[in-house]
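Chain residues, written in single-letter form:
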Amino acid sequence: MEYPEIVRLAYSAREKSYSPYSGFAVGACVLAEDGKYYTGTNIENAAYGDTVCAERTAIFCAVKEGNRKISKLAIVGGKAGEECKDFCFPCGSCRQVISEFASEDFQLILPGPDGELKEFTLAEILPHHFGEDSLK
Ligand code: THU
């Protein structure tokens, strides 16, 4: 079975990962409201805390092109130089950034072992999230 385009693009982006410190390479791809795909990879730094995750790189690329909503996000990750073995769930900070720009029908798409694809809603990955309405 062939993966959908968004997953294939996430795998291609992973090849550009700059992850010399963790040795963990991540790729991400979002489908934005302009109908285009935007990809990202993790970009590490010798000052470890300045690392940016793949999901945020992809989302910020979409936003800088004028998008405010993303309807799909695919993430793939695993040891650099090896095939991805398991689901790569987004970290807490990325979940918060996803919640800022996720559309109502947002889907997180994650490939797992044996070609399995799992889908999650925003509420499943970040229930009771802090958002715009929390500030009212
Ligand atoms: N990483 C991501 O790119 N996305 C996540 O959601 C989790 C972690 C990256 C950051 C760091 O470069 C490496 O994976 C190990 O934490």
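Peer 1: How should the site of the ligand be read in this particular structure?
Peer 2: If you check the shell around the ligand, you find Ser 22, Phe 24, Val 26, Asn 42, Glu 44, Thr 51, Cys 53, Ala 54, Glu 55, Phe 89, Pro 90 and Cys 91 and nothing else. Note that an oxygen atom of the ligand is positioned 2.9 Å from one of the side-chain N or O atoms of Asn 42. Separating an oxygen atom of the ligand from a side-chain N or O atom of Glu 44 is a distance of 2.4 Å. Contact with the protein chains covers 78% of the free accessible surface of the ligand, which is 380 Å². Those elements that provide at least two residues to the shell around the ligand are β1 (24-32) and α2 (54-64).

Peer 1: Could you clarify how one ought to interpret the pairing of strand β5 (residues 117-120) in this entry?
Peer 2: Regular strands place their side chains on alternate faces of the sheet. Relative to β5, strand β4 (residues 102-111) runs antiparallel, the two sharing four bridges. Within the sheet, the bridge partner assigned to Ile 109 lies in β5 and is Glu 119. If you look at the hairpin formed by β4 and β5, you'll find five residues sitting between the two strands, and Asp 114 has a positive phi there, around 60°.

Peer 1: It is not clear to me how the nonpolar core should be interpreted in this structure. Could you clarify?
Peer 2: Side chains of a nonpolar character, in soluble globular proteins, are inclined to be buried together. One finds Val 30, Leu 73, Ile 98, Phe 106 and Leu 108 to be the most contacted residues of the largest nonpolar core, which totals 25 residues. Among the elements of the structure, β1, α2, β3 (70-79), α3 (92-101), β4 and α4 (122-125) are those that each provide at least two residues to this core. Setting aside anything within four residues of it in sequence, one finds Ile 98 in contact with Ile 59, Leu 73, Pro 90, Phe 106, Leu 122 and Ile 125. Judged by nonpolar contacts, the second largest core, of 10 residues, contains Ile 6, Cys 29, Ala 74 and Val 76.

Peer 1: Explain unusual backbone geometry to me, please; I cannot follow it from the model alone.
Peer 2: With the exception of glycine, the majority of residues adopt a negative phi angle, and the majority of peptide bonds are in the trans configuration. One non-glycine residue, Asp 114, lies in the positive phi region at around 60°. For His 128, which is not a glycine, the phi torsion comes out positive at approximately 55°. Of note, His 128 is situated in the segment after α4.

Peer 1: Looking at this structure, how should I read the pattern of salt bridges?
Peer 2: Think of it this way: side chains of opposite charge can pair up when their charged atoms draw near. Inspection of every chain in the model, using the stated rule, returns four salt bridges. In this structure, the salt-bridge partner of Lys 64 is Glu 65, at a minimum N-O distance of 2.5 Å. A relative accessible area of 57% places Lys 64 in the exposed class. Taking relative accessible area as the criterion, Glu 65 reaches 45% and is therefore assigned partly exposed. Notably, a salt bridge pairs Lys 85 with Glu 82, separated by 2.9 Å at the nearest N-O pair. What makes Glu 82 partly exposed here is its relative accessible area of 35%.

Peer 1: Sorry, what's going on with the sheet that holds strand β2 (residues 37-41) here?
Peer 2: Backbone hydrogen bonds hold the strands of a sheet together, and the pairing may be parallel or antiparallel. Judged by pairing direction, the sheet is mixed, and its five strands sit side by side in the order β2-β1-β3-β4-β5 without closing on themselves. Because the sheet does not close on itself, it has two edges, and the strands there are β2 and β5. Shown here is a sheet whose adjacent strand axes are inclined to one another by a mean of 20°, direction ignored. Packed on one face of the sheet, α2 meets β1, β2 and β3 and runs near 145° to β2.

Rules used in this analysis
- Here the residue index of a chain counts from 1 through its sequence in written order.
- Totals for whole chains, interfaces and linings use all residues, but because this is a predicted model, local features are given only for residues with pLDDT of at least 70 and pairs of side-chain atoms are given and counted only at 80 or more.
- Think of the side-chain values as coming from all heavy atoms in the structure, minus any hydrogens and water.
- For this purpose, a residue is taken to be near a molecule or strand whenever a single non-hydrogen atom of the residue falls within 4 Å of it.
- Whenever a nitrogen or oxygen atom comes within 3.5 Å of another N or O atom, the pair is scored as a polar contact, on the condition that within protein one atom can donate a hydrogen and the other can accept it, and that pairs from neighbouring residues in sequence are kept only if both atoms are in side chains.
- Using a 1.4 Å probe, accessible areas were evaluated by the Shrake-Rupley method; residue-level cover was limited to the displayed protein chains.
- Secondary structure elements follow DSSP: runs of H or I of four or more residues count as helices, runs of E of two or more count as strands, with numbering from the N terminus.
- DSSP bridges decide pairing: two strands pair if at least two such bridges lie between them.
- Buried Ala, Val, Leu, Ile, Met, Phe, Trp, Tyr and Cys residues form a nonpolar core when they are joined through side-chain atoms within 4.5 Å.
- In this scheme, a residue with accessible area under 20% of its type's maximum is buried, one over 50% is exposed, and one in between is partly exposed, where area comes from a 1.4 Å probe on protein chains only.
- In this analysis, two residues are considered to be in contact whenever any of their non-hydrogen atoms come within 4.5 Å of each other.
- What counts as a salt bridge is simple: a side-chain nitrogen of Lys or Arg found within 4 Å of a carboxyl oxygen of Asp or Glu.
- Interaxial angle, 0 to 180 degrees, is taken between N-to-C directions of lines fitted to C-alpha atoms, where a helix line uses only the stretch in contact.

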